[in-house]
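Listed here are the chains, written in short residue letters.
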Amino acid sequence: MKKHHQSRREFLGVAGAGMAGLAGSGFPRTNVFAESKTADVDPGHADLVVFNARVYTMDSRMPIAEAFAVKGSRFIYVGKTAEARAFMGKGTRTFDAKQMTVVPGFIDCHNHAEGTTLLYEVLVGNPYEVEFVSVASIVDKLRAKALKTPPGFWVDGYFFDDTKVKDNRQLNVHDLDKVSTEHPVEHPVCVHHRGGHTSFYNSKAFELAGINRNTPNPAGGTFDRDANGELTGRVTDLAIDVFEHVGKRETFTPEQNQQRDRDGLAFISKQFVRYGLTSVHHEEGNLFVLQQVRARGELMHRVSFETSGEMLEAMIRNGITTGFGDEWIRFGATSEHTVDGSFSERTMALSQPYAGTNPPYSGNITEKQEDLNAWVERVQRAGIQPNCHANGDVAIDMVLSAYERARKVAPRPDVRPKITHCTLVNDDLLRRMKALDAVPAVFSTYAYYNSDKFHFYGQELMKWCMAFHSFFDYGIRAAAGSDFGPGPFAPLMGIQGMVTRTGWNGETWGANQRVSVDQALQVNTINGAYDAHEETIKGSITPGKLADFVVLADDPHTVDQGKIKDIEIVRTVTGGSTVYQK
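All values derive from a computational prediction rather than experimental measurement.

**What about the packing of aromatic side chains?**
Step number 1: Taken as a whole and assessed by the stated rule, the structure comprises 28 aromatic pairs.
Step number 2: On the basis of an interplanar angle of 75 degrees and a centroid distance of 6.0 Å, the ring pair of tryptophan 154 and tyrosine 201 is categorised as edge-to-face. One end of the pair, tryptophan 154, is in the loop between α4 (135–147) and β10 (155–160); the other, tyrosine 201, is in strand β12 (residues 198–201), with 47 residues separating them in the sequence. Tyrosine 201 carries the same exposure label as tryptophan 154, and that label is buried.
Step number 3: Taking 5.3 Å as the distance between ring centres and 80 degrees as the angle between the ring planes, the aromatic pair formed by phenylalanine 160 and phenylalanine 200 counts as edge-to-face. With phenylalanine 160 in strand β10 and phenylalanine 200 in strand β12, the pair connects residues that are 40 residues apart, well separated along the chain.
Step number 4: Judged by its relative accessible area of 1%, phenylalanine 160 falls in the buried class.
Step number 5: Pairwise contacts between aromatic rings join Phe343, Tyr354, Tyr361, Phe443, Tyr446, Phe454, Tyr457 and Trp509 into one cluster.
Step number 6: The ring of tyrosine 120 is capped by arginine 260, whose NZ or CZ atom sits 4.4 Å from the centre of that ring.
Step number 7: Directly above the aromatic system of tyrosine 530 lies the positively charged group of arginine 477, at a separation of 3.8 Å from the ring centroid.

Here you go:
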C-alpha cells in the first residue's frame with residue numbers, strides 16, 4: 001500500500017496548522033471527575049486533584065505518594081492528600097481514588113500499530129489474547145473471503161500463530177489449497193504469521209512465483225520442505241520477497257487509503273488507551289493521516305514516529321533530527337533496521353544451530369556487516385537515533401559492532417542507539433551495550449503469551465532471553481516493546497510475565513530473569529521515556545511532567561502475581577484528560 005510521504009515544508013505546514021488549532025481546543029474532556037461549574041482563575045488552583053490514592057510515581061525522590069494535582073496538561077504537585085487539598089478551588093475537578101492504585105501512563109517502545117489490518121483484513125487468530133483456533137476455521141474464513149474476491153487476486157489471512165492451533169500441527173500448503181476449490185485454482189492464498197517473518201502459501205502462489213521443490217533458498221530466507229523435499233508452504237524472511245510482485249492485489253484510491261488509515265489509527269488509539277498505554281512508538285505509518293486523526297480529537301495516545309525508506313531519506317535531506325515535533329507527535333528513532341529473523345518463528349540468528357534441525361540451521365542474517373555499518377553511520381551523522389532489529393546473539397553482536405564503529409567515526413553526544421528485541425544476550429554483549437548506553441526495546445508480553453515456543457530453545461538459552469534481570473544488573477535501561485502485531489500489547493500481561501516468567505500454559509522458563517513489580521513498572525514507564533530521550537517530560541508522576549497516568553482497580557504489588565494481567569484498567573488519562581474509563 002503506497003503511503004503519502006511529506007517534505008519538511010509539508011510537515012511544518014500541515015502539522016503547524018493542526019497543532020495550532022489543537023492548542024486552543026484541546027481534546028474533549030470526559031466528565032468523569034467531580035467537577036465544579038464555577039470558573040476558577042486563581043493561578044494557584046489546579047484543574048484536577050487526585051487524592052486518597054496509592055501512587056507509584058516511578059520517581060526515586062518520592063517513590064510512593066497519596067495525591068497529586070494537575071494544571072493544564074502537567075503535574076504541579078505530588079505528595080500528601082492533606083497538602084493536595086490546598087490546590088482545590090471552585091473550578092477544580094477532584095477524584096477520590098479510594099485507595100486504588102495509580103501509575104504513570106504505560107509506554108510501548110515498539111509497535112506496528114496495525115489498526116487498518118484489525119479493521120479491514122481477515123483475522124485468523126486473536127490479536128489481543130491467547131486463543132487457540134483450528135485449521136478448519138482458518139480455511140473457512142479464507143474461503144469466505146475467496147468467494148468475494150475476483151479470480152487471480154490474493155486472499156490473505158492475518159494474526160496466525162503456529163503454536164496456537166487446536167490441531168497441534170503446522171499449517172501447510174495442502175490446507176491452503178482447500179481455500180480456493182475451483183479447478184484450476186483461481187486464487188493465490190497467503191496466511192501471515194503474526195510474527196512477521198514467516199508466511200504460508202498455497203500451490204497457486206508458488207506457481208505464480210515460479211517456486212518449486214528444486215528452487216534454492218535465497219540468502220536470508222528459506223522455502224521450507226518436508227522429509228521428501230516437497231514444499232510445505234512455509235516461507236521465511238527474505239524468501240517472502242518473491243511473492244510480492246505476483247498475482248493481483250486489491251487497490252484503493254488515495255482518498256480511500258487515507259480513510260482506511262484514519263479509521264485504523266482512530267480505532268487502535270482507542271485500543272491502546274483501553275489497556276493503559278499513553279505513549280507508543282509507531283513503526284512507520286501515514287504521518288499525514290496521523291495528524292488528521294489528532295486534529296479530529298481522535299488521537300488518545302502520544303506517538304514517537306519511527307521512519308525508514310522515503311520518509312527517512314526526506315529527514316536526512318532536510319535536516320530533520322530525532323526529537324522534531326511536539327509532545328503528541330514527534331520523530332523518534334529510525335524504524336527497526338532488520339538484521340536477522342524472528343524469535344517466535346525460530347529464524348533469529350544464533351551462534352549455535354537450533355536443536356533437532358537437519359541439516360543444522362542457525363537462523364537467518366538479513367544484512368551484511370559492511371552494509372549495516374554504512375547505514376548506521378549515515379543515520380547517526382544526520383542526528384537521527386539508529387534503531388536495529390536484532391534477536392539472536394549473532395545479530396546483536398553485528399549491531400553493536402556497527403554502533404561501536406559509528407561512535408568512533410561519527411561521534412555524537414547522547415545517541416542512545418536502540419536495539420529492537422535484543423532477545424538473546426550474554427555477558428559480553430551486555431558489557432558492550434552498557435558502554436554504548438544502548439537502549440533495548442525488549443519483548444514485553446512474550447514471557448506469558450509465547451511460553452509455548454520456549455521449548456524450541458530450551459532452558460539454558462531461555463536463561464539469557466528477554467533478560468530483564470540481567471539488564472538491571474548491568475545498569476542498562478531496557479524498555480518494553482510489545483512488537484504488536486507479533487505480540488499482544490497489554491502492559492499488564494507484560495508485567496506479569498516479567499515478574500513470574502510463567503506463561504499461559506503454566507510453564508516457567510528463565511526464572512533467573514524475573515524482576516520485581518517495581519522494576520517491571522520501571523521498564524514500562526520511565527525506561528520507555530528514556531528510550532526516546534523524553535525522560536524529562538514523561539515516564540513518572542513528577543511535578544512539571546506531562547499528566548499521563550493510569551488508575552488500576554488493584555495493586556500489582558499485592559495481588560496474586562499470576563493475576564496481574566487481569567487487573568482492571570479503571571481509567572487512562574493523557575495530559576490531564578480522561579481518554580478511557582471502564
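**Some words on the side chain of glutamate 283**
Step number 1: Among the structural elements, glutamate 283 can be located in strand β15 (residues 277–283).
Step number 2: Although buried, glutamate 283 forms no salt bridge, and the nearest oppositely charged side chain, lysine 418, lies 5.6 Å from it.
Step number 3: Here glutamate 336 takes part through its backbone nitrogen, which lies 2.9 Å from a polar atom of the side chain of glutamate 283.
Step number 4: If near-sequence neighbours (up to four positions away) are discounted, glutamate 283 is found in contact with His110, Asn111, His112, Glu306, Ser335, Glu336 and Asn387.

**Regarding the packing of helix α7 (residues 254–274) against helix α8 (residues 287–295)**
Step number 1: Running from amino to carboxyl end, α7 crosses α8 at an angle of 55 degrees, the nearest separation of the two axes being 9 Å. Put simply, α7 runs oblique to α8. With respect to the hand of their crossing, α7 and α8 are arranged in right-handed fashion. Here Gln258, Asp261, Arg262, Leu265 and Ala266 of α7 lie close against α8, whose contacting residues are Phe288, Val289, Leu290, Gln292 and Val293.

**Details of unusual backbone geometry**
Glycine aside, a negative phi is what most residues show, and trans is what most peptide bonds show.
Step number 1: Cis geometry marks the peptide bond from asparagine 358 to proline 359, where omega comes out at 0 degrees.
Step number 2: Of the consecutive residues phenylalanine 484 and glycine 485, the connecting peptide bond is found in the cis state with omega at 0 degrees.
Step number 3: Even without a glycine there, the phi angle at arginine 416 is positive, about 55 degrees.
Step number 4: With respect to the element layout, arginine 416 can be found in the loop between α11 (393–409) and β20 (418–421).
Step number 5: Judged by relative accessible area, which is 5%, arginine 416 ranks as buried.

**Points about the pattern of salt bridges**
Step number 1: Using the criterion set out here, one finds 31 salt bridges in the structure.
Step number 2: A salt bridge links aspartate 161 to lysine 453; its shortest N-O distance comes to 2.7 Å. Linking aspartate 161 in the loop between β10 and α5 (173–177) with lysine 453 in the loop between α13 (446–449) and α14 (458–462), this pair joins segments that are 292 residues apart in sequence.
Step number 3: Among the salt bridges present, the one from arginine 302 reaches aspartate 548, with a minimum N-O distance of 2.8 Å. With arginine 302 in strand β16 (residues 302–307) and aspartate 548 in the loop between α18 (526–531) and β23 (549–552), the pair connects residues that are 246 residues apart, well separated along the chain. Neither residue differs from the other here; arginine 302 and aspartate 548 are each classed as buried.
Step number 4: Three or more residues are tied together by salt bridges with common partners; here these are Asp161, Lys164, Asp452 and Lys453.

**Here's the deal with α8**
Residues that lie three or four places apart on an α-helix share one face, since the helix turns once every 3.6 residues.
Step number 1: Buried residues dominate α8, accounting for eight of its nine residues.
Step number 2: Taken from the residues just after α8, glycine 297 is the one with a positive phi, measuring 75 degrees.

**Section: the nonpolar core**
Step number 1: Grouped together as the largest cluster of nonpolar side chains are 99 residues, with contacts concentrated most on Phe343, Ile419, Met466, Phe468 and Phe471.
Step number 2: No other element matches the eight residues that α11 contributes to this core.
Step number 3: Those residues in contact with phenylalanine 468, other than ones at most four positions away along the chain, are Val442, Phe443, Ala478, Ala479, Met498, Gln513, Val515 and Val523.
Step number 4: Listed in part, the 19 residues of the second largest apolar core include Val70, Phe95, Met100 and Phe549.

The rules behind the values
Residues numbered from 1 in each chain as written. Predicted model: local features only at pLDDT ≥ 70, side-chain atom pairs only at ≥ 80, totals over all residues. Heavy atoms only, no water. Phe/Tyr/Trp six-rings, centres within 6.5 Å; stacked < 30°, edge-to-face > 60°. Helix = DSSP H or I, 4+ residues; strand = E, 2+ residues; numbered from the N terminus. Buried < 20%, exposed > 50% of the residue type's maximum accessible area, 1.4 Å probe, protein only. Lys NZ or Arg CZ within 6 Å of the ring centre and 35° of its normal. Lys, Arg positive; Asp, Glu negative; His and termini not counted. Salt bridge = Lys/Arg side-chain N within 4 Å of Asp/Glu carboxyl O. Polar contact = N/O pair within 3.5 Å; in protein donor to acceptor, adjacent residues only side chain to side chain. Contact = heavy atoms within 4.5 Å. Axes fitted to C-alpha atoms, helices over the stretch in contact; angles between N-to-C directions. Parallel < 35°, antiparallel > 145°, perpendicular 65-115°, else oblique. Left-handed = near helix turned anticlockwise from the far one by under 90°. Core = buried A, V, L, I, M, F, W, Y, C linked by side-chain atoms within 4.5 Å.

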